[in-house]
Amino acid sequence: MNSSVFVGIDVSKARVDVAVHPTGQQWSVSYEECGMAALIQRLHPLCPEVVVLEASGGWERPVTHALAQAGLPVAVVNPRQVRHFAQAAGKLAKTDRLDARLLAQFAAAMRPEPRPLPAGQAQQLQDLVTRRRQLVEMLTAEKNRLGRAPQQLWERIAAHVQWLEEELQQLEQEWERLQQACTAWQEKSQLLCS
């Protein structure tokens, strides 16, 4: 009897949808730090063989890193592979919950190899993820403030928004450089681009 557990995660802007194969469990968590902590807390007791996410233009990175940092086996796969798998299985419906379930089934059938991050690089990436979250929170707050602020403060708030956006862009460039330096991530990136 096979007792292996496979997890599929579909990442969107606001939330993370999770599906477990073969149990059929499904749930969602927020994309924020508290959501990631809840996700990891629920996944650890399941001892998944692999947690699979699609490469989705960067949205998957903080989730992938949080999972790897927690010691969970994570694999980022090419969306085209998953799409072909879905077509072969005759599963053409498209919602976040169904995508998560499909990713879990893909993980069970294809068993993609997890790629752990080296410890030093993992910590650097964690630091960048934490700082990115902080910048995004500040940027959101300032943009919200700009809409309610008295006109005499608009220029100052707008300048701060611009500075935060530039800082966020520099941080994301640093993330890319660090990711390129990491052999495991570089191999994944080359595979995804091929």
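Every value quoted in this text rests on a predicted model; they were computed, and no experiment measured them. (Residues numbered from 1 in each chain as written. Predicted model: local features only at pLDDT ≥ 70, side-chain atom pairs only at ≥ 80, totals over all residues. Heavy atoms only, no water.)

Novice: It is not clear to me how the overall build of the chain should be interpreted in this structure. Could you clarify?
Specialist: Within the chain, the regular secondary structure consists of seven helices and five strands. Mapped from its N terminus to its C terminus, the chain presents α and β elements in the order β-β-β-α-β-α-β-α-α-α-α-α. Per-residue burial over the chain gives 40% buried out of 194 residues. In the chain, the share of contacts with a sequence separation of at least 24, taken over all contacts with a separation of at least 6, comes to 61%. (Helix = DSSP H or I, 4+ residues; strand = E, 2+ residues; numbered from the N terminus. Buried < 20%, exposed > 50% of the residue type's maximum accessible area, 1.4 Å probe, protein only. Contact = heavy atoms within 4.5 Å.)

Novice: Looking at this structure, how should I read helix α6 (residues 151–181)?
Specialist: Owing to its 3.6 residues per turn, the α-helix aligns residues three or four sequence positions apart on the same side. The terminal C-alpha atoms of α6 lie 46 Å apart, and with 31 residues this matches the ideal 45 Å at 1.5 Å per residue to within 8%. Listing the buried residues of α6 in full gives Ile-157, Val-161, Leu-164, Leu-168, Leu-171, Trp-175, Leu-178 and Gln-179. (Expected span 1.5 Å × (residues − 1).)

Novice: Help me understand the pairing of strand β4 (residues 50–54) in this model?
Specialist: Along a regular strand, successive side chains alternate from one face of the sheet to the other. Buried residues dominate β4, accounting for five of its five residues. Judged by which residues are buried, β4 turns out to be covered on both faces: Val-50, Val-52 and Glu-54 on one side and Val-51 and Leu-53 on the other are all buried. Here strand β1 (residues 6–11) runs beside β4; their pairing, made up of four bridges, is parallel. Paired with Val-7 across the two strands is Val-51, which belongs to β4. Pairing between β4 and strand β5 (residues 74–77): four bridges, direction parallel. Looking at β5, one finds that Val-51 is bridged to Val-74. In this region the chain leaves β4, passes through helix α2 (residues 60–69) and returns to the parallel neighbour β5; the handedness of that crossover is right-handed. (Pairing = 2+ DSSP bridges. Right-handed = clockwise from strand over helix to strand, strands pointing away.)

Novice: Sorry if this is basic, but what is going on with the packing of aromatic side chains here?
Specialist: Ring pairs (aromatic) are described by centroid distance and by the angle formed between their planes. Scanning all chains against the criterion turns up two aromatic pairs. With 5.5 Å between their ring centres and 90° between their planes, Phe-85 and Phe-106 make a pair best called edge-to-face. Here Phe-85 is found in helix α3 (residues 79–89), whereas its partner Phe-106 is found in helix α4 (residues 96–110), with 21 residues between them in sequence. Here the basic side chain of Arg-42 rests over the ring of Trp-27, its NZ or CZ set 3.8 Å away from the ring centre. (Phe/Tyr/Trp six-rings, centres within 6.5 Å; stacked < 30°, edge-to-face > 60°. Lys NZ or Arg CZ within 6 Å of the ring centre and 35° of its normal.)

Novice: Whenever I open this one, the pattern of salt bridges confuses me. Can you help?
Specialist: Counted under the stated rule, the structure contains nine salt bridges. Members of the salt-bridge network, linked through shared partners, are Arg-15, Asp-17 and Asp-96. (Salt bridge = Lys/Arg side-chain N within 4 Å of Asp/Glu carboxyl O.)

Novice: Sorry, what's going on with the environment of Thr-95 here?
Specialist: Mapping Thr-95 onto the fold places it in the loop between α3 and α4. Residue Thr-95 is classed as partly exposed on the basis of its relative accessible area, which comes to 40%. Taking the C-alpha atoms as reference points, Thr-95 and Asp-10, separated by 85 residues in sequence, lie 9.5 Å from one another.

Novice: Sorry if this is basic, but what is going on with unusual backbone geometry here?
Specialist: Glycine aside, residues mostly have negative phi angles, and peptide bonds mostly take the trans form. Here the residue pair His-21 and Pro-22 is connected by a cis peptide bond, since its omega of 15° sits within 30 degrees of zero. Locating Pro-22 in the fold gives a position in the loop between β2 (15–21) and β3 (26–30). The backbone phi angle of Cys-47 is positive, close to 50°, even though this residue is not glycine. Inspection of the secondary structure puts Cys-47 in the loop between α1 (33–43) and β4. Its identity as a non-glycine residue notwithstanding, Arg-111 has a phi of 45°, on the positive side. Secondary-structure assignment places Arg-111 in the loop between α4 and α5 (119–148). Exposure remark for Arg-111: the relative accessible area of 40% places this residue in the partly exposed category.

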